[in-house]
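Chain residues, written in single-letter form:
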Protein chains: 2
Amino acid sequence: MIDLDRLGFARSLLDRHGAERSDAAYTAALDDPNAAIVLVAGDTPVLQALGEGASAFLDRSALARLPQRAETVLLGTADGRPVLAVLAAPEAAALYAEDSAFQVLDLRSVAVQGAVPAPELGALATAKSILSWHARHRFCANCGSATQPAASGFRRDCGACGTQHFPRTDPVAIMLVTRGDCCLLGRQPRFVAGSYSCLAGFIEPGETLEDAVRREVQEEAGVTCGAVSYLVSQPWPFPSSLMIGCQAEALTEDITIDREELEDARWFPRDEVRLMLERRHPDGLICPPPVAIAHHLVRHWVEAGG
Amino acid sequence: MIDLDRLGFARSLLDRHGAERSDAAYTAALDDPNAAIVLVAGDTPVLQALGEGASAFLDRSALARLPQRAETVLLGTADGRPVLAVLAAPEAAALYAEDSAFQVLDLRSVAVQGAVPAPELGALATAKSILSWHARHRFCANCGSATQPAASGFRRDCGACGTQHFPRTDPVAIMLVTRGDCCLLGRQPRFVAGSYSCLAGFIEPGETLEDAVRREVQEEAGVTCGAVSYLVSQPWPFPSSLMIGCQAEALTEDITIDREELEDARWFPRDEVRLMLERRHPDGLICPPPVAIAHHLVRHWVEAGG
């Protein structure tokens, strides 16, 4: 079983009220003085510091020091309390960074450090993805005119040509390729030293999940895969991916590395991968931490081997 | 087992050459006189009529009668032959409709009728999705300037602000909800008379596949679901979805229909659903045809029941 409490962003306490986003009775919550605020300055969350750790939810009064807000989205409710995502300029982070009542921390670190309770991570992920979409989609791709937020912030409408635009979610196939008692892991140049992970890539128009898995492995490592099985999914808010985690059976062994994508790719025996997961590998090789879906794909396979 | 040859758009003979799309040696294929052409006029494919049936692939000479092309994309190769997707104006369909060498047929009908071989449907789906994206994304969402195609047509670049734009693929959760020997099917007002299908909806930013399944069923039918299992995926080029097919176990039975989405939703016993699949139901109720992933989700469950 995958431990969803350790998989980053996989838990969410948001009730999204998807069918009510254009109802006046619901959108009144945008002005609710008791609403919980998820504040993102540029790309960086501003957290409420607590005695131990922090919370993703600020009181509305925390917005008073903002000279202006760039965007406000009604994410839904949490335990009946409205939750608003608020986008501020990157510079606004400085207004909170020096105040011990707050913690300004990039979202990857929030997840890796477990700085907020796991169910709040889902709300942070949703806030960051949708606010990032607003920030980068203020104009109509169809006609070039400026667009306006609608549907509680889950849509942007073009007054000029009438097109409705919805937030993007980009599906990504991420896969552990196995062959007998070995699995294929690769490393990109940007990875921390010694880290090896699963291969991954965006699913393209006109492609099944399974074909995308096989194509990516062929392109990046020159390995042909057969059967593909789904394991688990994860929202990944950098900026707005849906990671779809799979296991794939290799039909071939020879590796041809795509040097544009990968610095290295190798077959690792299961016992060696176990040491990498446990961070006890003699050469210091490691696998990604539990916040990443790759960790769970690897762990699932290692544990299936006894 | 799911029969992928009958599931629409699930087979593709395209080799996408994803890593080569900006290489001059590869993009030279855009001018290859022997390239196969997938022609879409507005939203409608133009097929090559054959003695029996048709092919998605035209010879390049078929383009001679076009006054102009709106967009050309190098989709990849099929059996070593370059495959180009060409977008023409909707009116261009008339240039082929009267010529018995061609067949002008909307893409749904192409799939339902099996008008082209199954592996060519994947190329048609890719062509339609990516050409539709070009047609509706000629301007930069970030700054409003006109954009230009790049990377063999798999990207659009903004010369003004430098943003690179990639084709969208929208992940959709579609699920058969089951409870013991019954399953939950609903109908939208736009369905053909008597047709009942699986519930479905777009996966939102910050959401796992499994949470999206549970949310959609709760929103549309008021039924609470527990365990979710993945079954099969399908590209759905209307305009560019990835259907992610699941089965979900209901934890509750009472149905509250969202009348904005559904005209009806009911629990159907397995034996009744079998008759609907076989089109022998006494009241004329039916399930979607095999081109739709819903058909396979339902059939898989019916057959699992013996």
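Shown above is the structure to which this text applies.
One numbering rule holds for all chains: residues counted from 1, following each sequence as written. Chains and ligands are labelled by the order in which they are written, letters from A for the one and numbers from 1 for the other. Residue-level local features of this predicted model are given only where pLDDT is at least 70; pairs of side-chain atoms are given and counted only at 80 or more, and the full residue set underlies all totals for whole chains, interfaces and linings. To get the side-chain values, all heavy atoms of the structure are used, and hydrogens and water are removed first.

1. Some remarks on the overall build of chain A
Helix and strand definitions here come from DSSP, where helices need a minimum of 4 consecutive H or I residues and strands a minimum of 2 consecutive E residues; each element is numbered from the N-terminal end. Across its full length, chain A holds seven helices and 15 strands. If one aligns the C-alpha atoms of chain A with their principal axes, the spans along those axes are about 60 × 50 × 30 Å. Think of it in three bands: residues with accessible area under 20% of the maximum for their type are buried, residues over 50% are exposed, and the middle band is partly exposed, with areas taken using a 1.4 Å probe on protein chains only. Taking all 306 residues of chain A together, 56% fall into the buried category. Using a 1.4 Å probe, the Shrake-Rupley method yields the accessible areas, and only the shown protein chains count as cover for residues. When the accessible surface of chain A is summed, it comes to about 12,600 Å², and 49% of that surface belongs to carbon and sulfur atoms. Computed over 27 positive and 40 negative side-chain charges, the separation of the two mean positions in chain A equals 2 Å. The charge count treats Lys and Arg as positive and Asp and Glu as negative. His and the chain ends do not count. In plain terms, the charge of a residue is placed at NZ if it is Lys, CZ if Arg, CG if Asp and CD if Glu.

2. What to know about the packing of aromatic side chains
To describe a pair of aromatic rings, one takes the distance between the centres and the angle between the planes. All names here are of chain B. Stacked, edge-to-face and tilted labels apply to pairs of Phe, Tyr and Trp rings (six-membered ring for Trp) whose centres lie within 6.5 Å, assigned for plane angles under 30 degrees, over 60, and everything in between, in that order. Throughout the structure, instances matching the rule amount to 11 aromatic pairs over all chains. Between the aromatic rings of Phe-9 and Trp-236, the centroid separation amounts to 5.8 Å while the plane-to-plane angle is 75°, which identifies the pairing as edge-to-face. Within this pair, whereas Phe-9 is found in the segment before helix H1 (24-27), its partner Trp-236 is found in strand E13 (residues 225-236), the two being separated by 227 residues in sequence. Each member of the pair, Phe-9 together with Trp-236, is buried. The criterion is that NZ of a Lys, or CZ of an Arg, lies within 6 Å of the ring centre and within 35 degrees of the ring normal, and then a charge sits over that ring. Sitting over the ring of Phe-238, Arg-108 keeps its end group 4.3 Å from the ring centre.

3. Description of the pairing of strand E4 (residues 71-78) of chain A
All names here are of chain A. Taking burial as the measure, the eight residues of E4 include seven buried ones, the bulk of the element. Strands pair, by our definition, only if DSSP identifies at least two bridges between them. Pairing between E4 and strand E5 (residues 81-88): seven bridges, direction antiparallel. Across the sheet, the residue bridging to Thr-77 is Pro-82, located in E5. Taking the residues between adjacent antiparallel strands as the criterion, E4 and E5 are bridged by two residues, where Asp-79 takes a positive phi near 50°.

4. Some details on the sheet that holds strand E7 (residues 147-150) of chain A
All names here are of chain A. Here three strands make up an open sheet; going across it, the order is E7-E8-E9 and the pairing antiparallel. A single partner strand is all that each edge strand has here, and the edge strands are E7 and strand E9 (164-165). Here strand E8 (residues 155-158) runs beside E9; their pairing, made up of two bridges, is antiparallel. Directly across from Arg-156, in E9, lies its bridge partner His-165.

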